[in-house]
Amino acid sequence: MLGEVGSKAWGGVFGGGSLGEGQGGGGSEHGSQGQELRERDCPVPSEVSLRARATAPTAPLFILSALRGLSTGAMKTMLFPVLALWVGCCPGGALAKKRPSPREPMAPPTPTGLPTLQLLLPVVPGRPDGRAPSPPSAPIWAFTLGAQEKRPSVRVSQCKLLANLRAPGKALPLSGPLLLCDWAGAASCSPGASHHRDPKGWRQKKDCNRDCGGSSIPDTTGRGRRRPGSRRGHGHGPADPGTTEQAMPSLPASCLLAQAAIACGNAKMKHIPALTDPGLTTLYLAENEIAKIPAHTFLGLPNLEWLDLSKNKLDARGLHPSAFKNLTRLKRLNLDGNRLSTVPALPASLQELKLNDNHLQGLQHSSFHGLSQLLTLEVEGNQLHDGNISPLAFRSLGSLLYLRLDRNRLRTIPPGLPASLQELHLGANVIEEVTERTLNRSCSLSVLVLSNNRLQEDRLAPRAWIDLPKLETLDLSHNRLVHVPSFLPRGLRRLLLHHNHIERIPGYVFAHMKPGLEFLHLSYNSLRADGIHDVSFWGLRTSLAELLLDHNQLQAIPRGLLSLKGLQVLRLSHNKIRHVPLNSICDTRAAQDSNLIATHLENNFIDRRRIPPTAFSCIRAYHSVVLQPQQGEGESS
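All of these numbers come straight from a predicted model, not from anything done at the bench.

Caption draft 1: Layout of the state of the cysteines. One pass over the full model with this rule turns up 2 disulfides. C255 shares a disulfide with C264; S-S distance 2.0 Å. What sets the handedness of the C255 and C264 disulfide is the S-S torsion sign, and at about 115 degrees it is right-handed. The pair C255 / C264 is uniform in exposure class, with both members buried. For C586, the disulfide goes to C618, at an S-S distance of 1.8 Å. An S-S torsion of about -75 degrees defines the bridge between C586 and C618 as left-handed. You can see C586 sitting in the loop between β25 (569-571) and β26 (598-600) and its partner C618 sitting in the loop between β26 and β27 (625-626), a full 32 residues away along the chain. Of the residues examined, C618 reaches a relative accessible area of 9% and is grouped as buried.

This is how it looks when you write it as structure tokens:
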């Protein structure tokens, strides 16, 4: 890249040794004199002086040519004063009074930890009029990396890493490898350009008049600044490194930018500019006014993995059928809160799809065609019902793990669910029954949510879910149940029945469960003391850890609690309990302490003065029992 003569000149001026080192017997003496002169009179050159030297007439080339016929000792004796005057670091030097031109890019001191930026030019002859030579067609910008730095703070695509660049005989005086960049990419970007990082980790570019060459951080001012590798229009890939700069699409000033991400949330955008950046993987455009996405919008983003277009104004007419066709690496797509009436065509690479709060009129057999890698599907808050969901709608989703269908108008669980499904959310529908065959293929199901529906125990088929081997969580809260359902899944660990009309817990209703429930939530029901029997909790002796019976109609401590040896949390607050009899919560005949760590009995009608002294003797910590306030006595009692 550099000529031999220029390399020798670099080695002499910057290398720290004499030009004639090793040539002739008297070289060491003059070399030591030159070293003493430099250490006494010439401080370490600053970055500004280095830049000034790079643009000054390249006198050393002609000096060396003129002195070529002299002896080695004489050449050294004459060369060092001349070089000192030329570099301008000693009093009276030719450049000692020179000030950088206002047009020259002034670089602030480089912050600690950021790479150093220097402009290094090849040695070229001076102009006949004595002025500085014109910049060459391909000047060099060098990013110097320190020992602990792996890359510069801005990514430069049109740079080459030269880790072992050396001038003949001497290494360049740099602290690490070089990144050599073209003139167009870095001519006016200061090395210490600061970046602002907000709490979410985004980085917003400031203080640079132009982006560094090939940087993936676009302009945020919306003034259409330019950068290599970005272009406006219908580009199909990265810009040719040899081409000139291309126009950068305007983005709102509120956009937050990072190396591989652009976030323009709530920026009042009405359209998406045709971005071209192969390095971009995340594009966040939520809460805007985007109503149209043409076919070519994402052609310049072949590596996009996460696209968020939620809460815009997209409908089936504004979204082109091929808009997502070329996003072959897209994994996550969020289209929540739009006006879509049908499922758009989607790339086969998709793993997460969100279509909540749209206007979907149905799911056809081809709606999810080709999405064999999809893991998560959310279509909550649409207009889906039993008549517009095809039995084959989920047939292509062989890898689906999570399905959310809440807030629709379903009366039954949709048929044809994938066998791979692990979580099914059907809350806030109008489901009235669960038939035996609905879930017979869902052998991997572990979570089933049927809250906020119209379920009654007589509409639950006896074998609706008892044979689901992996079902551990069943949410039947906010329904119309009047007693705890029978034939619960054998492996169930968490049963949520709060906000029903339950009056009774049948005996042995949990007896068939292995290993047994851990959490049983029965808050906000109509349970009375006579609705709970000694054998109501049979089968939960060692497994049950949390029992919630608050906000019921209990007039006494329920029977059967003493048998629950693993119980840790017991809530009996907001009932009508008046007494805490001996051996109702603690068995005074047992030697070991209870596992209870929280016992809530507040907001009842208990006279705390009439509680037997040993009623809570098995509980280790006094603060584990909450008895106040009681109804009618106030907080201060």
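From this point on, the discussion continues.
Caption draft 2: Seen up close, the pattern of salt bridges. By the definition in use, this model includes 15 salt bridges. Ionic pairing is found between D357 and R407, a salt bridge with its closest N-O pair at 3.0 Å. Taken as a pair, D357 in the loop between β16 (352-354) and β17 (376-378) and R407 in the loop between β18 (402-404) and β19 (423-425) lie far apart in primary sequence, 50 residues in all. A relative accessible area of 37% means that D357 is categorised as partly exposed. A relative accessible area of 37% places R407 in the partly exposed class. Put simply, R459 and E433 hold a salt bridge, and the shortest N to O gap is 3.4 Å.

Caption draft 3: The packing of aromatic side chains, seen in detail. Tallied over the entire structure, the rule returns 3 aromatic pairs. Relative to F394, the ring of F368 has its centre 6.4 Å away and its plane inclined at 15 degrees; by these criteria the two rings are stacked. Linking F368 in the loop between β16 and β17 with F394 in the loop between β17 and β18, this pair joins segments that are 26 residues apart in sequence. Each member of the pair, F368 as well as F394, is classed as buried. Here the basic side chain of R332 rests over the ring of W306, its NZ or CZ set 4.0 Å away from the ring centre.

Caption draft 4: Structural view of unusual backbone geometry. The omega angle of the peptide bond from K514 to P515 is 0 degrees, so this bond is cis rather than trans. Residue placement: P515 occurs in the loop between β22 (494-496) and β23 (519-521). Here the amide bond leading from Q628 into P629 is cis, since omega sits at 5 degrees, within 30 degrees of zero. With respect to the element layout, P629 can be found in the segment after β27. In this structure, R407 takes a positive phi of about 55 degrees despite not being glycine. Unusually for a residue other than glycine, H499 sits at a positive phi of about 60 degrees. Among the structural elements, H499 can be located in the loop between β22 and β23.

Caption draft 5: Focus on the confidence of the model for the chain. Summarising the model, the chain shows a mean pLDDT of 73, and 60% of its residues fall at 70 or more. Contacts from residues 1-72, a stretch scored under 50 in pLDDT, to residues over four places away or in other chains number 103 contacts. Counting contacts from residues 79-248, a segment whose pLDDT is below 50, to residues more than four positions away or on other chains yields 339 contacts.

Parameters and conventions
- Residue positions are given per chain, counted from 1 along the sequence in the order it is written.
- Owing to the predicted nature of the model, reporting of local features is limited to residues with pLDDT of at least 70; listing and counting of side-chain atom pairs is limited to 80 or more, with chain, interface and lining totals taken over all residues.
- Based on all heavy atoms of the structure, the side-chain values leave hydrogens and waters out of the count.
- Any cysteine sulfur atom paired with another within 2.5 Å is treated as part of a disulfide.
- Here the term buried applies to any residue with accessible area under 20% of the maximum for its type, exposed to any over 50%, and partly exposed to those in between, with areas from a 1.4 Å probe on protein chains only.
- Secondary structure elements follow DSSP: runs of H or I no shorter than four residues count as helices, runs of E no shorter than two count as strands, and numbering proceeds from the N terminus.
- A pair is scored as a salt bridge if a Lys or Arg side-chain nitrogen falls within 4 Å of a carboxyl oxygen belonging to Asp or Glu.
- To pair, rings of Phe, Tyr and Trp, with the six-membered ring standing in for Trp, must have centres within 6.5 Å; the planes then decide the type, stacked if under 30 degrees apart, edge-to-face if over 60, and tilted in the middle.
- Only when the NZ of Lys or the CZ of Arg is both within 6 Å of the ring centre and within 35 degrees of the ring normal is a charge said to sit over the ring.
- pLDDT is a per-residue confidence score from the predictor, ranging from 0 to 100.
- Whether two residues are in contact is decided by their heavy atoms: any pair within 4.5 Å suffices.

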